[in-house]
Amino acid sequence: MTLFGVVDAAYAKGTGTVSSKTQLKNSGYNSSRIGFRGTEDLGGGLKASFWLEAGVNNDDGTASASNTNNQAVTAASPGTQGLTFNRRSTVSVESSFGEVRLGRDYTPQFWTETAYDPFGTNGVGTNIAFNKGGVTGVRASNSMGYLSPSFSGVKVWAQAYMGENASTNAAKAGDGTAFRVSYDNGPLSVALASSSTKTAVLNVKNKTSNIGGSYDLGVAKLFAQTNKTKVDGAKDIKGGLFGATAPVGAGTVRAAMSSTAQGDVKSNQFALGYVYSLSKRTDLYATYASVKNKGGAAVALNGSVTEANGKSTGYDFGVKHSF
Amino acid sequence: MTLFGVVDAAYAKGTGTVSSKTQLKNSGYNSSRIGFRGTEDLGGGLKASFWLEAGVNNDDGTASASNTNNQAVTAASPGTQGLTFNRRSTVSVESSFGEVRLGRDYTPQFWTETAYDPFGTNGVGTNIAFNKGGVTGVRASNSMGYLSPSFSGVKVWAQAYMGENASTNAAKAGDGTAFRVSYDNGPLSVALASSSTKTAVLNVKNKTSNIGGSYDLGVAKLFAQTNKTKVDGAKDIKGGLFGATAPVGAGTVRAAMSSTAQGDVKSNQFALGYVYSLSKRTDLYATYASVKNKGGAAVALNGSVTEANGKSTGYDFGVKHSF
Amino acid sequence: MTLFGVVDAAYAKGTGTVSSKTQLKNSGYNSSRIGFRGTEDLGGGLKASFWLEAGVNNDDGTASASNTNNQAVTAASPGTQGLTFNRRSTVSVESSFGEVRLGRDYTPQFWTETAYDPFGTNGVGTNIAFNKGGVTGVRASNSMGYLSPSFSGVKVWAQAYMGENASTNAAKAGDGTAFRVSYDNGPLSVALASSSTKTAVLNVKNKTSNIGGSYDLGVAKLFAQTNKTKVDGAKDIKGGLFGATAPVGAGTVRAAMSSTAQGDVKSNQFALGYVYSLSKRTDLYATYASVKNKGGAAVALNGSVTEANGKSTGYDFGVKHSF
């Protein structure tokens, strides 16, 4: 049994044309968490394992809600949210044929978004097109997943999850299916993924698909991804990112340009940062990002507010410690 | 200090005459949990110990509420319930004269219900007469218990718990007393238990009493129990169960017939299941159950809904892993 | 990584002129908790560390809320409050120049209140003037602290914390600053501390300042402290305490006289107790306290209610076990 976690805190500022905000935030480089996991060897190549992982808002001691049915949640009163295993709570049986995983887990298309983002979807530099997928954009509850072994670098991940509605409910909100096909070979990594979740409106689904990849040149690692979220009755939300990381001194420079667009409503972001490693477990980091809005968009960074078509900038400066 | 737990997930379906439901559930074989416990030897036969144990809904990452005063609770918003030590949170001092235990603990009559049920009050096969005892049907907060040592197999457990009302409150809802006397001798185990809890209505108590036993024949273990819950102003709720477990192959067959009746309102259940042990810590299991209702009863299994006097069936198919 | 905690339960009674109350309480001698902490040596005198600590109400299994912005919180529904790292959730970087600590932490003036109280601000004997400082009276979220090393016994602790309001919010409720200067030399310990927090009313601060000290004579240890809380538009709340502890037999006698006054509204308390140590980790304790009110005050102990200018008494009798 392994007890593990991350405690990551950052001084963060966001500036918009309407208001700015200064905060102590968490998870600027890695997501703060505490978890318990373990694997039992059952013999004959068979293994059983469990994984219980809770998000921690270490700036204020609170935690994060989960979701019982992959549908909208009413938040708890501020300050009262207790620990849930919202990040992952699964039990698995594995063999040479792959892993069957049951419980609350990541949705496959999220892995493509995070794996091919130099900022790993943490902090102010996160891909501006990240997580347009609604309630199941990152994780789903009541999921049953199959994760294949690697066939010459190719892996398949198939997942179904349940909204647990009565059979008399026609819309079946929260039911969904998802997959990811990935290929890893030395410096190259690419993946194609999609997830589709029924909403409370009959026959309306929220479907996010993406393609991404990275290539490690040694002096630098390049990243690219493109995302598309379809919501019936509205224009598709499209997003893309180009980025790179490069080892510099005792740390890593990170940079990314990302964009999101729903029709003419567009936002573009540039982000630049540096991570200085004090050890394998502890890093100092700083990230700066700048957003431009068009077509009425008003995306603003780090809790600031900007007017339509306004600009916003933000930065994080923090420390991440894992255990 | 011991860190322990269970992660149990099951694909579960319930079918009724009105609606059916399919879910990923937890705790189909053993109750999912995470806990911390430990014992300190104080010398001279004296020991101090603690036990903090939280329920975990590993299908979705949420947890379970506790209860501060043994009175009705308003549930948290779905998805937001964080970890509480709802299953047990006690500190004890023990000597050769027995154990004094303070905190939130099981109520004694629950142990009889679970110990003499082939399905251990988990999953779709659970005794249909289980837990008619209201808020303190399984556990009580603010309890003070005395657990005797074994006198030739006889043990006594006495408990008092408090609703923590002001002295000017006449009803004293949540105050209660309980006991259990058990006898264990080789293959035989029997117990008599009762708990009585004051309600918010003056002089109205909720009192559950039961008698149960098991006998291990080797080729099979037989179980029987009878429960009675008295609520003033209404007819008693009576329940009974006959069941058996038998080792078959690498696992155990489980079967039970149980019934509950409040006057003419009656429900009968038959349940059959198999547990296949992959190791001491990991099991696969499947259970099927069927319920018949009479006199206006409408009990339905696994989240399905059935009309008055309708039938319902359900099954669980899952994996339990302990650590 | 260290997993640590305290489970402390007490049978407690309070008696007032209006009503009395009997409860099973927690934290009568030490605050019940469960926590995770660790330190990593980074070389060159540099260290990184984390501390995640949750309050536990082990009488009923619930936990305690935290606070996201150092402003008033609406409590969760009774029985539903899950574990938060409300007691402390910090990440630190330390060197020979001192420690920089980020997250939710104690406010400095609290340490003076608890360090120089024979009852350590736990249980019925707690200084009656304790914690008049509002939301940040004990802890603050979003804090950035600097803790100096010891210069010949002198230490400085400086802290700033944020309410995380938008820049357009003029009052900046929850923003605050605090410090503590302490001197420890053999039997002598003294400290001066203050914290000041902005409220939701423009230019109105809640400011608590205190001075305290203790001197260990060997046969007894003496304690004294004085506190003052300024709230604009109201009279200052003043408090003071004199107390002592003395080793007697296998345990410690504790006694204190404390008082609080806001203008003519005054309360005085006398408290006497004994702690009997079964081991370094386990103690039995009993405390008795008595309060007198004047000028319309109606302070009552252990959940009892007393009329204006009435008297109240209370006692705790319990066991504390740490792990």
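Higher on the page you've got the structure.
Summary of the structure given here.

## A few points about the relation of the copies chain C and chain A
Consideration 1: Turning chain C through 120 degrees and shifting it by 0.0 Å along the axis lays it on chain A, with an RMSD of 0.0 Å. Viewed as a symmetry operation, the transformation between the two copies matches a three-fold axis. Minimal C-alpha separation from the rotation axis in chain C is found for C:Gly82, amounting to 2.4 Å.
Consideration 2: A different interface surface on each copy is seen, since only 12% of the contact residues of chain C are contact residues in chain A too.

## Some details on the pairing of strand S2 (residues 20-26) of chain C
Residue and element names in this part refer to chain C.
Consideration 1: Of all seven residues making up S2, five are buried, and the element is well covered by its neighbours.
Consideration 2: Note that strand S1 (residues 2-16) and S2 share seven bridges and pair antiparallel. Across the sheet, the residue bridging to Ala 9 is Asn 26, located in S2.
Consideration 3: Here S1 folds back onto S2 in antiparallel fashion, the turn holding three residues.

## Considerations on the relation of the copies chain B and chain A
Consideration 1: At an RMSD of 0.0 Å, chain B and chain A line up after a rotation of 120 degrees and a shift of 0.0 Å along the axis.
Consideration 2: Little of the interface of chain B is mirrored in chain A, where only 15% of its interface residues are also at the interface.

## Focus: the interface of chain B and chain A
Consideration 1: In this assembly, 34 residues from chain B lie in contact with 41 residues from chain A.
Consideration 2: Between the two partners, chain B and chain A, sit zero salt bridges.
Consideration 3: Applying the counting criterion to the chain B and chain A interface returns 16 residue pairs in polar contact (both at pLDDT 80 or more).
Consideration 4: Secondary structure elements with two or more residues in the side of chain B that touches chain A: strand S1 (2-16), strand S2 (20-26), strand S3 (33-43), strand S4 (46-57) and strand S18 (311-322) of chain B.
Consideration 5: Examining the composition of the side of chain B that touches chain A, we find that five residues originate from one element, S2(B), more than from any other.
Consideration 6: Considering only residue class, the side of chain B that touches chain A consists of 14 nonpolar, 16 polar and four charged.

## Points about the nonpolar core
Consideration 1: A:Ile34, A:Phe36, B:Ile34, B:Phe36, C:Ile34 and C:Phe36 are the most contacted members of the largest nonpolar core, which has 54 residues in total.
Consideration 2: Each residue touching A:Phe36, except ones within four places of it in the same chain, is listed here: A:Met1, A:Thr2, A:Leu3, A:Phe4, A:Phe50, A:Trp51, A:Leu52, A:Phe85, B:Leu3, B:Ile34, B:Phe36 and C:Phe36.

## Some details on the packing of aromatic side chains
Consideration 1: Evaluation of the coordinates by the stated rule reveals 27 aromatic pairs over all chains.
Consideration 2: Here B:Tyr29 and B:Tyr285 contribute two aromatic rings whose centre-to-centre distance is 5.8 Å and whose plane-to-plane angle is 35 degrees, an arrangement assigned as tilted. Here the residue B:Tyr29 occupies a position in the loop between S2 and S3, and B:Tyr285 occupies one in strand S17 (residues 282-294), the gap between them amounting to 256 residues. The burial state of B:Tyr29 is the same as that of B:Tyr285; both residues are buried.
Consideration 3: Judged by centre distance (6.5 Å) and plane angle (65 degrees), the rings of B:Phe36 and C:Phe36 are edge-to-face. Of this pair, B:Phe36 sits in strand S3 while C:Phe36 sits in strand S3 (residues 33-43), which puts the two residues in different chains. In terms of burial, B:Phe36 and C:Phe36 fall into one category: buried.
Consideration 4: Through a chain of ring-to-ring contacts, the aromatic side chains of A:Phe36, A:Phe85, B:Phe36, B:Phe85, C:Phe36 and C:Phe85 assemble into a single cluster.
Consideration 5: Taking the ring centre of A:Phe4 as reference, the NZ or CZ of A:Arg37 above it sits at 4.2 Å.

## Quick notes on unusual backbone geometry
Consideration 1: Positive phi values are uncommon outside glycine, yet A:Asn70 reaches one of about 60 degrees.
Consideration 2: You can see A:Asn70 is positioned in the loop between strand S5 (62-63) and strand S6 (88-95).
Consideration 3: According to the relative accessible area criterion, A:Asn70 is buried, its value standing at 4%.
Consideration 4: Within the chain, B:Asn131 stands out as a residue other than glycine whose phi angle is a positive 60 degrees.
Consideration 5: Looking at the element boundaries, B:Asn131 is found in the loop between helix H1 (108-115) and strand S8 (139-147).

## A short note on the side chain of B:Thr114
All names here are of chain B.
Consideration 1: Note that Thr 114 resides in helix H1.
Consideration 2: For Thr 114, a relative accessible area of 12% puts it in the buried group.
Consideration 3: Residues in contact with Thr 114, not counting those within four places in the same chain, are Gly 120 and Thr 121.

## A short note on the interface of chain C and chain A
Consideration 1: In this complex, chain C contributes 41 residues to the contact, which on the side of chain A involves 34 residues.
Consideration 2: Summing both sides of the interface, chain C and chain A together bury roughly 2,900 Å²; the carbon and sulfur share of this comes to 68%.
Consideration 3: For chain C, the biggest contributors to the area lost against chain A are C:Glu40, C:Val91 and C:Glu164; these three give 18% of the whole.
Consideration 4: Run the count over chain C and chain A and you get zero salt bridges.
Consideration 5: Along the contact surface separating chain C from chain A lie 16 residue pairs in polar contact (both at pLDDT 80 or more).

## With respect to a nonpolar patch on the surface
All names here are of chain A.
Consideration 1: Side chains of Phe 151, Val 154, Val 156, Phe 179, Val 181, Leu 192 and Ile 211 sit close together on the surface and give an oily, nonpolar patch of about 550 Å² of accessible area.
Consideration 2: Elements supplying a minimum of two residues to the nonpolar patch: strand S9 (154-161) and strand S10 (176-185).
Consideration 3: In this structure, Val 181 sits in strand S10.

## Some details on the pattern of salt bridges
Residue and element names in this part refer to chain B.
Consideration 1: For the coordinates displayed, the defined rule picks out 18 salt bridges over all chains.
Consideration 2: Taking the shortest distance from any N to any O, the salt bridge between Asp 283 and Lys 320 comes out at 3.2 Å. On the criterion of sequence distance, the pair formed by Asp 283 in strand S17 and Lys 320 in strand S18 is long-range, its members being 37 residues apart. Lys 320 carries the same exposure label as Asp 283, and that label is buried.

## Thoughts on a positive patch on the surface
Residue and element names in this part refer to chain A.
Consideration 1: The grouping of Lys 198, Lys 205, Lys 207, Lys 228 and Lys 238 at the surface amounts to a positive patch.
Consideration 2: Assignment of secondary structure puts Lys 228 in strand S13 (residues 221-231).
Consideration 3: The class for Lys 228 is partly exposed, based on a relative accessible area of 35%.

## Things to note about the pairing of S9(A)
In summary, the side chains of a regular strand alternate between the two faces of the sheet.
Residues and elements named next belong to chain A.
Consideration 1: Judged from the five bridges that link them, strand S8 (residues 139-147) and S9 form a sheet pairing that is antiparallel. Across the sheet, the residue bridging to Leu 147 is Trp 157, located in S9.
Consideration 2: Taking the residues between adjacent antiparallel strands as the criterion, S8 and S9 are bridged by six residues, where Ser 152 takes a positive phi near 50 degrees.
Consideration 3: Where S9 lies against S10, eight bridges are found, and the strand directions are antiparallel. Its bridge partner lying in S10, Lys 155 is registered against Ser 182.

How each quantity is defined
- Residues numbered from 1 in each chain as written.
- Chains lettered and ligands numbered in written order.
- Predicted model: local features only at pLDDT ≥ 70, side-chain atom pairs only at ≥ 80, totals over all residues.
- Heavy atoms only, no water.
- Least-squares fit on C-alpha atoms with pLDDT ≥ 70 in both.
- Contact = heavy atoms within 4.5 Å.
- Buried < 20%, exposed > 50% of the residue type's maximum accessible area, 1.4 Å probe, protein only.
- Helix = DSSP H or I, 4+ residues; strand = E, 2+ residues; numbered from the N terminus.
- Pairing = 2+ DSSP bridges.
- Salt bridge = Lys/Arg side-chain N within 4 Å of Asp/Glu carboxyl O.
- Polar contact = N/O pair within 3.5 Å; in protein donor to acceptor, adjacent residues only side chain to side chain.
- Nonpolar A, V, L, I, M, F, W, Y, C, P; charged D, E, K, R; others polar.
- Core = buried A, V, L, I, M, F, W, Y, C linked by side-chain atoms within 4.5 Å.
- Phe/Tyr/Trp six-rings, centres within 6.5 Å; stacked < 30°, edge-to-face > 60°.
- Lys NZ or Arg CZ within 6 Å of the ring centre and 35° of its normal.
- Buried area = accessible area lost by both parts, 1.4 Å probe.
- Patch = residues over 30% accessible without salt bridge, like charges linked within 9 Å, V, L, I, M, F, W, Y side chains within 5 Å.
- Areas by Shrake-Rupley, 256 points an atom, 1.4 Å probe, with all protein chains shown as cover.
- Lys, Arg positive; Asp, Glu negative; His and termini not counted.
- Charge placed at Lys NZ, Arg CZ, Asp CG, Glu CD.

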